[in-house]
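Okay, here's what each chain looks like letter by letter:
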Amino acid sequence: MDVDDHAEELASTLGVDKSEVESDLENLLSYSVPIDEAKQSIRRKYGGDGGGDATPTTKDVADVTTEDGNVTVTVRVLTVGRRSIRYQGDEQTIHEGEFADETGRISYTAWEDFGFEPGDSITVGNAGVREWDGEPELNIGQSSTVAIETTPVEVPHEVGGDTDLVDLRSGDRGRNVEVQVLESEERVIDGRDGETTIRSGIVADETGRLPFTDWEARSELREGHDFRFEEVYVREFRGVPQVNLSEYTTVTPLARDVEVDDEAPRMDVAEAIGSGGLFDVELVGNVLEVRDGSGLIERCPDCGRVLQNGQCRVHGDVDGEDDMRVKAILDDGTGTVTVVLDRDLTEELYGGTMEEAMAAAREAMNKEVVADEIREAVVGREYRVRGNLSVDDYGANVEASEFERSTDDPATRAAALLGEVRS
């Protein structure tokens with residue numbers, strides 16, 4: 001058998017995309033890993049048993065790890081969603097969502113319709129385990145079994161997909177939201193089948209707002225209208241959750257008006273970072289530092305990256321385009337974030353235009369005078385920032401849409417915090 005045949009066999013057995021398996025297999029073989037060992041490694045990665053004959057282990061959800069091969073779990077179905085994917089060149093519908101037992105929750109992907117619905121108690125036998133976003137996920141395929149349990153599995157989690165926007169997280173599937181469309185536009189992108197028309201924008205509810213993409217480009221999703229979306233899934237978009245509507249999403253006009261708050265939800269820094277990313281949030285804290293790379297900068301005309309000594313790390317030596325920004329460290333006592341201000345907000349903070357800042361730098365023969373002036377104005381002072389928070393391996397960053405001196409009374413806020421502690 002050649003690599004293509006081995007990849008075909010593995011993809012069929014594991015229920016995953018052949019091209020991904022073939023790429024992994026070729027990578028392992030390039031490091032002289034024996035073919036049998038390489039295949040065993042891929043089975044472990046995508047939820048196979050690693051050897052083909054292992055007996056599934058019965059486990060509680062909390063005890064399932066990415067090191068497991070095949071497992072059997074008895075769970076309550078929390079959510080069920082559907083989505084089309086491209087598998088080996090063909091469109092295939094998968095079912096996905098979350099299970100739970102009394103010990104915890106776990107996501108799943110089912111490669112066929114096993115007929116279970118939210119609220120059902122089931123035993124899933126011979127489910128593969130694979131890693132998804134660093135966490136174990138159950139992979140339910142042709143070799144798996146699903147049996148309805150007559151005794152309900154009691155779980156400390158809400159059954160069903162109804163969710164407020166503020167509680168959505170990247171990776172959620174089978175969710176239902178009731179929202180108002182704030183912004184909506186139709187556009188054409190380069191999709192997997194060539195040019196694809198989508199509709200995107202921003203939706204909001206009583207708890208917050210998020211970007212959305214409707215892959216069916218429904219014309220009724222116009223600004224100012226209220227809808228219930230059933231069976232949406234959530235993916236990360238520029239570091240924050242994005243609501244995605246598929247062909248299986250049900251869109252129903254609402255008889256009620258969704259109350260939308262013009263203000264962003266205010267959180268302390270630790271709570272915001274713990275969310276994993278927020279599209280619109282307000283933080284208040286002290287500026288501890290204005291980082292290097294603030295003030296007058298140059299960007300690559302091709303990719304927009306900030307140049308270092310006239311060099312783009314992707315495009316090399318380029319003629320940079322002038323810009324301004326601020327990267328400030330904000331601390332509220334619970335944690336720190338890096339706040340990034342664009343040119344407009346930086347000009348406001350500086351108190352002059354970029355042209356005026358460049359003139360000041362030329363006069364001083366030093367670009368750093370602009371950043372130094374900004375540091376003197378903001379470091380040690382309390383600011384309110386509103387914007388989009390992203391969290392990754394390099395830390396937490398807020399792309400600011402608003403940045404201004406805080407008008408909060410410190411004594412009042414301290415009393416409120418003390419009250420929370422005492423309660």
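Given the structure is predicted, the values throughout are model-derived calculations rather than measurements.

A. Broad picture of the packing of aromatic side chains. Under the definition given, this model contains 5 aromatic pairs. Arranged with centres 5.6 Å apart and planes meeting at 70°, the rings of Phe99 and Phe116 form a pair that is edge-to-face. One end of the pair, Phe99, is in strand β3 (residues 90-101); the other, Phe116, is in the loop between β4 (104-110) and β5 (121-132), and 17 residues separate them in sequence. Note on accessibility: Phe99 and Phe116 belong to one class, buried. Ring plane angle 20° and centroid distance 6.2 Å describe the contact between Phe227 and Phe229, whose orientation is recorded as stacked. For the residue pair Phe227 and Phe229, the accessibility class agrees, reading buried in each case. It is Arg83 that lies over the ring of Tyr233; its NZ or CZ is 5.0 Å from the centre.

B. View of the pattern of salt bridges. Overall, the coordinates contain 28 salt bridges when judged by the stated rule. Through salt bridges with shared partners, a single network forms among Arg209, Arg266, Asp280, Glu282, Arg384, Arg386, Glu402 and Glu404.

C. Geometry of the confidence of the model for the protein. Summary statistics for the protein give a mean pLDDT of 88 and a share of 91% for residues scoring 70 or more. Here helix α8 (residues 410-422) stands out as the element of the protein with the lowest mean pLDDT, 57, in contrast to strand β18 (residues 336-341), whose mean of 97 is the highest.

D. Layout of the packing of helix α5 (residues 343-350) against helix α7 (residues 368-378). Relative orientation of the contacting elements α5 and α7 amounts to 70°, with a least axis distance of 10 Å. By the angle between their axes, α5 is roughly perpendicular relative to α7. In the packing of α5 onto α7, the handedness of the crossing is left-handed. When α5 is examined against α7, the residues Thr346, Leu349 and Tyr350 are found in contact with a partner set consisting of Val370, Glu373, Ile374 and Val378.

E. Region of the structure containing the packing of α5 against helix α6 (residues 354-364). Closest axis-to-axis distance for the α5/α6 pair is 10 Å, and the angle between their directions is 60°. One element, α5, and the other, α6, form an angle in the oblique class. For the pair α5 and α6, the contacting residues are Arg343, Glu347 and Tyr350 in the first and Met354, Glu355, Glu356, Ala357 and Ala360 in the second. The residue makeup of the contact of α5 with α6, split by class, is 4 nonpolar, no polar and 4 charged.

F. Structural context of the nonpolar core. The biggest cluster of nonpolar side chains holds 33 residues, and the ones touching the most others in it are Leu283, Val337 and Val339. Ranked by residues supplied to this core, first place goes to strand β13 (residues 277-290) with 5 residues. Apart from residues lying up to four places away in sequence, Val339 is in contact with Val326, Lys327, Ala328, Leu330, Val385, Val398, Ala400 and Phe403. The next biggest cluster of nonpolar side chains, apart from the first, holds 19 residues, and it includes Ile202, Val203, Val251 and Phe279.

G. Focus on the sheet that holds strand β10 (residues 209-214). With respect to topology, 5 strands assemble into a closed barrel ordered β8-β9-β10-β12-β11, the strand pairing being mixed. Averaged over neighbouring strand pairs, the angle between their axes works out to 40° when direction is ignored.

H. Focus on α6. Listed in full, the buried residues belonging to α6 are Met354, Ala357 and Ala361. The buried side chains of α6 occupy one side of the element, clustering within an arc of 60° when seen end-on. The exposed residues of α6 that point more than 90 degrees off its buried face are Arg362 and Glu363. Phi for Met365, located one or two positions after α6, is positive at around 55°.

I. Seen up close, the environment of Thr57. Looking at the secondary structure, you find Thr57 in strand β1 (residues 57-58). Take Thr57: its relative accessible area is 40%, and that puts it in the partly exposed class. Remark: the alpha-carbon pair of Thr57 and Asn126, spanning 69 residues in sequence, is separated by 8.2 Å. Those residues in contact with Thr57 that sit more than four places away from it in its chain are Asn70, Val71 and Thr72.

So, how was this worked out
Residues numbered from 1 in each chain as written. Predicted model: local features only at pLDDT ≥ 70, side-chain atom pairs only at ≥ 80, totals over all residues. Heavy atoms only, no water. Phe/Tyr/Trp six-rings, centres within 6.5 Å; stacked < 30°, edge-to-face > 60°. Helix = DSSP H or I, 4+ residues; strand = E, 2+ residues; numbered from the N terminus. Buried < 20%, exposed > 50% of the residue type's maximum accessible area, 1.4 Å probe, protein only. Lys NZ or Arg CZ within 6 Å of the ring centre and 35° of its normal. Salt bridge = Lys/Arg side-chain N within 4 Å of Asp/Glu carboxyl O. pLDDT = per-residue confidence, 0-100. Axes fitted to C-alpha atoms, helices over the stretch in contact; angles between N-to-C directions. Parallel < 35°, antiparallel > 145°, perpendicular 65-115°, else oblique. Left-handed = near helix turned anticlockwise from the far one by under 90°. Contact = heavy atoms within 4.5 Å. Nonpolar A, V, L, I, M, F, W, Y, C, P; charged D, E, K, R; others polar. Core = buried A, V, L, I, M, F, W, Y, C linked by side-chain atoms within 4.5 Å. Pairing = 2+ DSSP bridges. Arc of directions from axis to C-beta.

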